[in-house]
Amino acid sequence: MNAWQIVGGVVSILGTILMFYGSYQQTQGDKEFQDTVENYVEKQQAEDSPELVALAVEKRNADYLLTVQNIGRKPATQVRVIFSTESKPTAFSGNLISGAQKIPHNTRYTFPLNLFTGINRIMNLPNSVEGYKEELETSLQKFNTGEMAFIPRFYLEYHYGEKLITSPMYYLVLEKQRGLLRFGKEDSNVRQ
């Protein structure tokens, strides 16, 4: 083997190493570009999606009305008010669910909350859980005499295309004599 063959072999090995390094650099650049594009698309989709917020709750006749607004850029579809099992008493989770087919962007919509429909249904139907109905009856009596406040918790569930979106959890504090004491939004997004 002569010197030229050795030099050629070394140059070939260095060329291969440089080729792999260049390929690695290009892959890193492509990955960074792909991440940038994905982040842009996700950000754009988040900005374009609907966002429903609960604005107010007011008593009208025997029911409470919830006013929501779509502050997002796109319409929300298949909108429902869902009561959580974290409500006190938990019977609120059996309420009739209010809904709307579509809430366009920048539009306010009012839902009847049907607050006591779940409790009324439970009290009128047989219950297989021993003691539950009696405990609910005791809670109702305490509520009616002013010894206890009820705290229904709810969130909004809606669609944007095929994507299901849920709002933060909201709550009401109700007393029989004074009615609605407080309406607020909880900090956590925990669903049950």
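Read on for an overview of the structure.

### Remarks on the overall build of the chain
Thought 1: Of regular secondary structure, the chain possesses three helices and nine strands.
Thought 2: The helix and strand sequence of the chain, counted from the amino end, reads α-β-β-β-β-β-α-α-β-β-β-β.
Thought 3: Overall, the chain is about 105 × 40 × 25 Å in size when its C-alpha atoms are taken along their principal axes.
Thought 4: Residue pairs in contact within the chain that sit at least 24 positions apart in sequence constitute 55% of those at least 6 positions apart.
Thought 5: Carbon and sulfur atoms form 53% of the exposed surface of the chain, whose accessible area is close to 12400 Å².
Thought 6: Each charge class in the chain was averaged separately, 20 positive and 21 negative side chains, and the resulting centres sit 7 Å apart.

### Re the nonpolar core
Thought 1: In this structure, Leu66, Val79, Val81, Phe111, Leu113 and Leu115 are the most contacted members of the largest nonpolar core, which totals 31 residues.
Thought 2: Only β1 (52-60), β2 (63-70), β3 (76-83), β4 (99-103), α2 (117-124), α3 (132-145), β6 (153-160) and β8 (170-175) provide two or more residues apiece to this core.
Thought 3: If sequence neighbours within four positions are ignored, Leu113 has contacts with Val57, Asp63, Tyr64, Leu66, Val81, Phe83, Asn95, Leu96, Ser98 and Leu172.

### With respect to a nonpolar patch on the surface
Thought 1: A cluster of nonpolar side chains, Ile6, Val10, Ile13, Leu14 and Ile17, forms an exposed patch at the surface whose accessible area comes to about 470 Å².
Thought 2: In this structure, Ile17 sits in helix α1 (residues 3-48).

### Brief notes about unusual backbone geometry
Thought 1: With an omega dihedral of 0 degrees, the bond running from Lys88 to Pro89 counts as a cis peptide bond.
Thought 2: At Asn114, a residue that is not glycine, the phi angle is positive and equals roughly 50 degrees.
Thought 3: Its location among the elements puts Asn114 in the loop between β5 (108-112) and α2.

### Focus: α2
Thought 1: Buried within α2 we find Gly118, Ile119 and Ile122. Considered in projection along α2, the buried side chains sweep an arc of 95 degrees and stay on one side of the axis.
Thought 2: Looking at the buried residues of α2, the elements they touch are α3.

### Remarks on the side chain of Ser87
Thought 1: Inspection of the secondary structure assignment puts Ser87 in the loop between β3 and β4.
Thought 2: On the accessibility criterion, Ser87 (0% relative accessible area) is buried.
Thought 3: Apart from the residues within four sequence positions on either side, Ser87 is in contact with Phe92, Ile151, Pro152 and Arg153.

### A closer look at the pattern of salt bridges
Once the charged atoms of two side chains with opposite charge are near each other, the side chains can pair.
Thought 1: Taken as a whole and assessed by the stated rule, the structure comprises four salt bridges.
Thought 2: Between Arg80 and Glu157 there is a salt bridge whose closest N-O contact spans 2.8 Å. Residue Arg80 is found in strand β3, and its partner Glu157 is found in strand β6; the two are separated by 77 residues along the sequence.
Thought 3: Residue class for Arg80 comes out partly exposed when judged on its relative accessible area of 35%.

### With respect to the packing of aromatic side chains
Thought 1: Considering all chains together, one arrives at nine aromatic pairs under this definition.
Thought 2: When the centroid spacing of 5.9 Å and the interplanar angle of 55 degrees are considered together, the rings of Phe83 and Phe154 count as tilted. Of the two residues, Phe83 sits in strand β3 while Phe154 sits in strand β6, which places them 71 residues apart along the sequence.
Thought 3: Looking at Phe83, the relative accessible area reads 7%, which means it is buried.
Thought 4: Judged by its relative accessible area of 0%, Phe154 is buried.

Rules behind the numbers
- Residues numbered from 1 in each chain as written.
- Predicted model: local features only at pLDDT ≥ 70, side-chain atom pairs only at ≥ 80, totals over all residues.
- Heavy atoms only, no water.
- Helix = DSSP H or I, 4+ residues; strand = E, 2+ residues; numbered from the N terminus.
- Contact = heavy atoms within 4.5 Å.
- Areas by Shrake-Rupley, 256 points an atom, 1.4 Å probe, with all protein chains shown as cover.
- Lys, Arg positive; Asp, Glu negative; His and termini not counted.
- Charge placed at Lys NZ, Arg CZ, Asp CG, Glu CD.
- Core = buried A, V, L, I, M, F, W, Y, C linked by side-chain atoms within 4.5 Å.
- Buried < 20%, exposed > 50% of the residue type's maximum accessible area, 1.4 Å probe, protein only.
- Patch = residues over 30% accessible without salt bridge, like charges linked within 9 Å, V, L, I, M, F, W, Y side chains within 5 Å.
- Salt bridge = Lys/Arg side-chain N within 4 Å of Asp/Glu carboxyl O.
- Arc of directions from axis to C-beta.
- Phe/Tyr/Trp six-rings, centres within 6.5 Å; stacked < 30°, edge-to-face > 60°.

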